[in-house]
Amino acid sequence: MSIPNRDSFTSKFGVIAAAAGSAVGLGNIWKFPYEVGQNGGGAFLILYFFFVVVIGLPVMMSEFVIGRKTNVNAVRAFKKLSPNKPWYLTGVMGVAAAFMILSFYGVVAGWTLEYIHLAIINAFKGQSPEELSKGFNGFITNPIKPVIWQMIFMILTAVVVIGGIKNGIEKITKILMPVLFLIIVLMGIRSLTLGVNTSESGEIIGRSVDGLKFLFRPDFSKIDIDVVLDALGQAFFSLSLGMGTIITYGSYIGKNNNLKKTAVEVAFLDTLIAILAGVAIFPAVFYFNVAPTEGPGLVFSVLPSIFQKMVGGYVWTLAFFVLFAVAALTSSISLLEVAVAYFAEELKVKRVTATIIVASLITILGVACSLSNSVLKDVTILGRNIFDTMDHVSSNFLLPIGGMFIAIFTGWAMKKSEFFNELTNQGAIKVKLFSGIYFIIRFVAPIAIAIVFLYSVGLLG
Ligand code: PHE
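Rules of the game
- Residues numbered from 1 in each chain as written.
- Predicted model: local features only at pLDDT ≥ 70, side-chain atom pairs only at ≥ 80, totals over all residues.
- Helix = DSSP H or I, 4+ residues; strand = E, 2+ residues; numbered from the N terminus.
- Buried ≥ 20, exposed ≤ 12 C-beta atoms within 10 Å, placed from the backbone.
- Contact = placed C-beta atoms within 7 Å.
- Bend = angle between axes of the 7 residues up to and from the residue.
- Axes fitted to C-alpha atoms, helices over the stretch in contact; angles between N-to-C directions.
- Parallel < 35°, antiparallel > 145°, perpendicular 65-115°, else oblique.
- Nonpolar A, V, L, I, M, F, W, Y, C, P; charged D, E, K, R; others polar.
- Near = placed C-beta within 6 Å.
- pLDDT = per-residue confidence, 0-100.

**Student:** Could you clarify how one ought to interpret the overall build of the protein chain in this entry?
**Tutor:** A count of helical and extended segments in the protein chain gives 18 helices and 4 strands. Across its three principal directions, the C-alpha atoms of the protein chain cover 75 × 45 × 45 Å. Burial status across the protein chain gives 54% buried among its 461 residues. Considering only contacts within the protein chain whose residues lie at least 6 apart along the sequence, 84% involve residues at least 24 apart.

**Student:** Explanation requested: helix H16 (residues 386-413) in the structure shown.
**Tutor:** Helical geometry note: an α-helix holds 3.6 residues per turn, so side chains three or four residues apart project in the same direction. Helix geometry: H16 is bent most strongly at Ser 394, by close to 35°. Counted residue by residue, H16 has 20 buried out of 28 residues, so it is predominantly covered.

**Student:** What is the right way to look at the packing of helix H5 (residues 88-120) against helix H7 (residues 145-163) in this model?
**Tutor:** A pair of packed helices is captured by two measures, namely the crossing angle of their axes and the spacing between those axes. Where H5 contacts H7, the axes come no closer than 7 Å and their chain directions differ by 100°. Relative to H7, the element H5 lies roughly perpendicular. Across from Gly 106, Val 107, Ala 109, Gly 110, Trp 111, Leu 113 and Glu 114 in H5, the residues of H7 making contact are Lys 145, Pro 146, Trp 149, Gln 150, Ile 152, Phe 153 and Met 154. For the contact of H5 with H7, the residue count by class is 9 nonpolar, 3 polar and 2 charged.

**Student:** Would you mind showing me how to read the site of the ligand here?
**Tutor:** With respect to spatial proximity, 15 residues lie near the ligand, and among them Gly 25, Gly 27, Ser 240, Thr 245 and Ser 331 are the closest. Mapped onto the shell around the ligand, the elements with two or more residues apiece are helix H1 (12-23), helix H2 (26-38), helix H10 (225-238) and helix H14 (313-346). Of the residues that constitute the shell around the ligand, the class distribution is 6 nonpolar, 9 polar and no charged.

**Student:** Please clarify how the confidence of the model for the protein chain should be interpreted in this entry.
**Tutor:** Any region with low pLDDT has predicted coordinates that should not be read closely. Per-residue pLDDT for the protein chain has a mean of 92; in total, 97% of the residues score no lower than 70. Element-level mean pLDDT values for the protein chain span from 82 in helix H13 (residues 298-308) up to 98 in helix H15 (residues 351-371). Reported confidences for the modelled complex are a pTM of 0.93 and an ipTM of 0.98.

Rendered as structure tokens:
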């Protein structure tokens, strides 16, 4: 069954903007820098690259193929391709992951709105990274303020999703993504050219080049199975894979789009922006002599200090936090869309109704995440608070497992020719290259994910 008059993207650039908009988000600007910081810099980066190319890219191609071939939501897509089999549960798991991810995602995105507000009133002026760090902790442990911002952010997300694909998602990402790219490049340049920081008595406090060394020089002693699992989880999270986001977006893509090329472009842009975020932040971290292991507050406490050093710092600060929020928004709409497409199409309710209900439920879950930094901080599940549990379970378990099933599905439950034709638009690919991709999807990706996973839960090794 296909859905009559289903909404769709109208241009190639629109597809890239929306898919890259989904991929590029808090994962790149907020999570990637602190994961790199906590997990040994360059060594984490190498693992991350490896997973993006060897597992992420083939899984992304699979998701695009499943979506465009079926033109329905992520649950029905599996039902359509493989009726009467339990594959559709992969889609169900994806919808569950959308709820979990967007719950904590909306909280962090809300923080970016507070920081826009602080930037407007010039609250960072003259503050050192330590003071900024204190301010950040004070804010996130406040029980009220972050919740209000989270709700405002969820309303913005819902408004775009109610607008639909071409008049909502495509329209907004086409404008916002190029601007985001420009700002992050300029920030990287500024951070790199900070140079050497000296105290009044001439002592060296820090050097920006040390940040680059940290980012690119691998320290393999930091690598253990948890770091490997984090790198795998981060690859899935950052590329928006394993939960049907790309299946859902793929379902709105026209038949003339070359999906292989689109997948490569999206993965490339996402990785590039993560690296640029690293280049913007680590030289500054070392220049100001802040601990790179600081964790989730890293970006919030370090970046405003760089801006103080820049001509026109006020404008930069504001521009950065606006774009931080924008990156979050173009991703959160894709998370919400997975669940909305499912409920709207399956329960046959209007898009607006589905959006309001789903967004409200996720917001409630999100309030619990936000409060786990304050009044609910003693509520823990296996040693993690609610916020961290949502992040850990979704990124490190649901997404990789979802990705594994998606790869197995494409490699074993779909016909090879079906996959080939959908991926390549009837043959515009070298046969050898296609065979390589197909081999990875059938064997390498599922086995690699299974091994990392079994190790991490202690069943291997
Ligand atoms: N890729 C997004 C980011 O990096 C997060 C995301 C994950 C979006 C999964 C959709 C699905 O911020």
